[in-house]
Amino acid sequence: MEPIVEEILQLVKKKMQEQGGFDRDAYKQMVEETISYFQEKGKLTDDDNLEFIEDRLMDVWEDVQDEFARKKY
């Protein structure tokens, strides 16, 4: 996985734990918020393929869901 995508993913997972949102809709919202945050901080620009980054993060949703399911037990 690309380093910036991995960095966003780690922050999204941290937000999910803090806010208690563990469904796909919450994940998608946190992905969008985190991408916006990275844009505000200058880590991402309009030149970056933001749609690809979001799609890549949504592609790993099942892995994230499995990870949180394992942590519950």
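See the structure above.
Participant: Looking at this structure, I do not really get the packing of aromatic side chains. What am I missing?
Facilitator: Working definition: an aromatic ring pair is given by the centre-to-centre distance plus the angle between the planes. Scanning the model with the defined rule gives three aromatic pairs in all. Here Y37 and F38 contribute two aromatic rings whose centre-to-centre distance is 6.0 Å and whose plane-to-plane angle is 70 degrees, an arrangement assigned as edge-to-face. Here F38 falls in the buried class, since its relative accessible area comes to 3%.

Participant: Could you clarify how one ought to interpret the nonpolar core in this entry?
Facilitator: A general trend in soluble globular proteins is that nonpolar side chains are found buried together. Formed by 19 residues in total, the largest nonpolar core has its most connected members in I8, M16, Y27, L57 and V64. Of all elements in the fold, only α1 (3-19), α2 (24-40), α3 (50-59) and α4 (61-72) reach the threshold of two or more residues within this core. Looking at which element gives the most residues to this core, the answer is α2, with six residues. When near neighbours in sequence (up to four residues on either side) are disregarded, V64 contacts L9, K13, M16 and Y27.

Conventions we followed
- Residues numbered from 1 in each chain as written.
- Predicted model: local features only at pLDDT ≥ 70, side-chain atom pairs only at ≥ 80, totals over all residues.
- Heavy atoms only, no water.
- Phe/Tyr/Trp six-rings, centres within 6.5 Å; stacked < 30°, edge-to-face > 60°.
- Buried < 20%, exposed > 50% of the residue type's maximum accessible area, 1.4 Å probe, protein only.
- Core = buried A, V, L, I, M, F, W, Y, C linked by side-chain atoms within 4.5 Å.
- Helix = DSSP H or I, 4+ residues; strand = E, 2+ residues; numbered from the N terminus.
- Contact = heavy atoms within 4.5 Å.

That is the geometry; function is a separate question.
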